[in-house]
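Take a look at the letters that make up each chain.
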Amino acid sequence: GAVVSQHPSWVICKSGTSVKIECRSLDFQATTMFWYRQFPKQSLMLMATSNEGSKATYEQGVEKDKFLINHASLTLSTLTVTSAHPEDSSFYICSARGGRVWEQYFGPGTRLTVT
Amino acid sequence: GENVEQHPSTLSVQEGDSAVIKCTYSDSASNYFPWYKQELGKRPQLIIDIRSNVGEKKDQRIAVTLNKTAKHFSLHITETQPEDSAVYFCAATIGGLIFGTGTRLQVFP
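Residues numbered from 1 in each chain as written. Chains lettered and ligands numbered in written order. Predicted model: local features only at pLDDT ≥ 70, side-chain atom pairs only at ≥ 80, totals over all residues. Heavy atoms only, no water.

A. Looking closely at the overall build of chain B. Per the secondary structure count, chain B includes zero helices and 11 strands. Helices (α) and strands (β) of chain B occur, in sequence order from the N terminus, as β-β-β-β-β-β-β-β-β-β-β. Radius of gyration (C-alpha) of chain B: 13 Å, near the 13 Å computed for a compact globule of 109 residues. With the C-alpha coordinates aligned to their principal axes, the bounding extent of chain B is approximately 40 × 30 × 20 Å. A total of 109 residues make up chain B; the buried ones form 46% of that total. Sequence-distant contacts, at least 24 apart, represent 52% of the contacts inside chain B between residues at least 6 apart. (Helix = DSSP H or I, 4+ residues; strand = E, 2+ residues; numbered from the N terminus. Rg over C-alpha atoms; globule rule 2.2 N^0.38 Å. Buried < 20%, exposed > 50% of the residue type's maximum accessible area, 1.4 Å probe, protein only. Contact = heavy atoms within 4.5 Å.)

Structural data, given as structure tokens:
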């Protein structure tokens, strides 16, 4: 149980275009989902927290107009990177948490390359 | 906001020896402290976690200790094996995870 999927697993896009990444909890209802970014050889950085049906809460320094997060249902959250630039190239990982469980279940990650 | 520091950044041990990784956190409201193992290009894998109402937790060769007063927690791996080689991250949270900077553990046969 507690499986989280992400799609796509990797994507290459051109500078200036937008990319959408999906995060799904497959066998549980995720009341809260989180989005993280990880640059090569660095730690994971929390970007935002989203609760189903409400606006996402962004961490300091993360542009909410550039990284659009939608948590439309208890099993799906999406991250859209708008007007992508090469510096947005990174490994994006989502996690999901359900109910009163403390553990977060991570998706497999999406490697974004902006050319 | 929360800030988590992790030491050392690299750790090399001989197979069978013990390894200890230490983290400190800044926000006394943090109440959940997980440890993750991450292999290159993969998602973080939870290896052990501890809640703030517990001082120590053990799972076979892995143990975690928490000192709330000093705001630090440590990961202990005993009888290390080559397959323990990976990057380890600590984290602290009251919601989203704030990760430490990571420790690259190398276990030499």
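Picking up after the structure, the text goes on.
B. Seen up close, the sheet that holds strand β1 (residues 4-7) of chain A. Residue and element names in this part refer to chain A. Taken in spatial order, the four strands line up as β1-β3-β8-β7 in an open sheet, and their pairing is antiparallel. The two strands at the open ends of the sheet, each matched to only one other strand, are β1 and β7 (67-73). Neighbour to neighbour, the strand axes of the sheet diverge by 15 degrees on average, direction disregarded. (Pairing = 2+ DSSP bridges. Axes fitted to C-alpha atoms, helices over the stretch in contact; angles between N-to-C directions.)

C. Looking closely at the interface of chain B and chain A. Each side of the interface is counted separately: chain B has 18 residues, and chain A has 19 residues. Each partner contributes to the roughly 1,500 Å² buried at the junction of chain B and chain A, and carbon and sulfur atoms together form 60% of this total. Linking chain B to chain A there are zero salt bridges. At the surface where chain B touches chain A, the tally comes to five residue pairs in polar contact (both at pLDDT 80 or more). When residues of the side of chain B that touches chain A are traced back to their parent elements, those giving at least two are β4 (32-38), β5 (45-51) and β10 (98-99) of chain B. Ranked by the residues each element gives to the side of chain B that touches chain A, the list is headed by β4 of chain B, at three residues. When grouped by side-chain class, the residues that make up the side of chain B that touches chain A number eight nonpolar, seven polar and three charged. (Buried area = accessible area lost by both parts, 1.4 Å probe. Salt bridge = Lys/Arg side-chain N within 4 Å of Asp/Glu carboxyl O. Polar contact = N/O pair within 3.5 Å; in protein donor to acceptor, adjacent residues only side chain to side chain. Nonpolar A, V, L, I, M, F, W, Y, C, P; charged D, E, K, R; others polar.)

D. Here's a closer look at the pairing of β5 of chain B. All names here are of chain B. Pairing of β4 with β5 involves six bridges; the strand directions are antiparallel. Within the sheet, the bridge partner assigned to Phe-33 lies in β5 and is Ile-50. Count of turn residues in the β4/β5 antiparallel hairpin: six residues, of which Gly-41 carries a positive phi of about 75 degrees.

E. Summary view of the packing of aromatic side chains. Taken as a whole, this structure holds 14 aromatic pairs over all chains when the rule is applied. Here the aromatic rings of Tyr-25 of chain B and Phe-33 of chain B are separated by 4.7 Å at their centres, their planes lie at 45 degrees, and the arrangement is tilted. Assigned by exposure class, Tyr-25 of chain B and Phe-33 of chain B land together as buried. Put simply, the rings of Phe-34, Tyr-36 and Phe-106 of chain A together with Tyr-36, Phe-89 and Phe-99 of chain B pair up and form one aromatic cluster. The ring of Phe-67 of chain A has Lys-66 of chain A lying over it, and the distance from NZ or CZ to the ring centre is 5.9 Å. (Phe/Tyr/Trp six-rings, centres within 6.5 Å; stacked < 30°, edge-to-face > 60°. Lys NZ or Arg CZ within 6 Å of the ring centre and 35° of its normal.)

F. View of the pairing of strand β11 (residues 110-114) of chain A. Residue and element names in this part refer to chain A. Residues Thr-110, Leu-112 and Val-114 point to one face of β11 and are all buried, whereas Arg-111 and Thr-113, pointing to the other face, are not buried. With four bridges connecting them, strand β2 (residues 10-13) and β11 associate as parallel partners. Across the sheet, the residue bridging to Trp-10 is Arg-111, located in β11. Relative to β11, strand β9 (residues 90-97) is paired through three bridges, and the arrangement is antiparallel. Paired with Ser-90 across the two strands is Leu-112, which belongs to β11.

G. Main features of the pattern of salt bridges. Residues and elements named next belong to chain A. Counted under the stated rule, the structure contains four salt bridges over all chains. Put simply, Arg-24 and Glu-22 hold a salt bridge, and the shortest N to O gap is 3.4 Å. Arg-24 sits in the partly exposed class, given a relative accessible area of 34%. Classification of Glu-22 as partly exposed rests on a relative accessible area of 25%.

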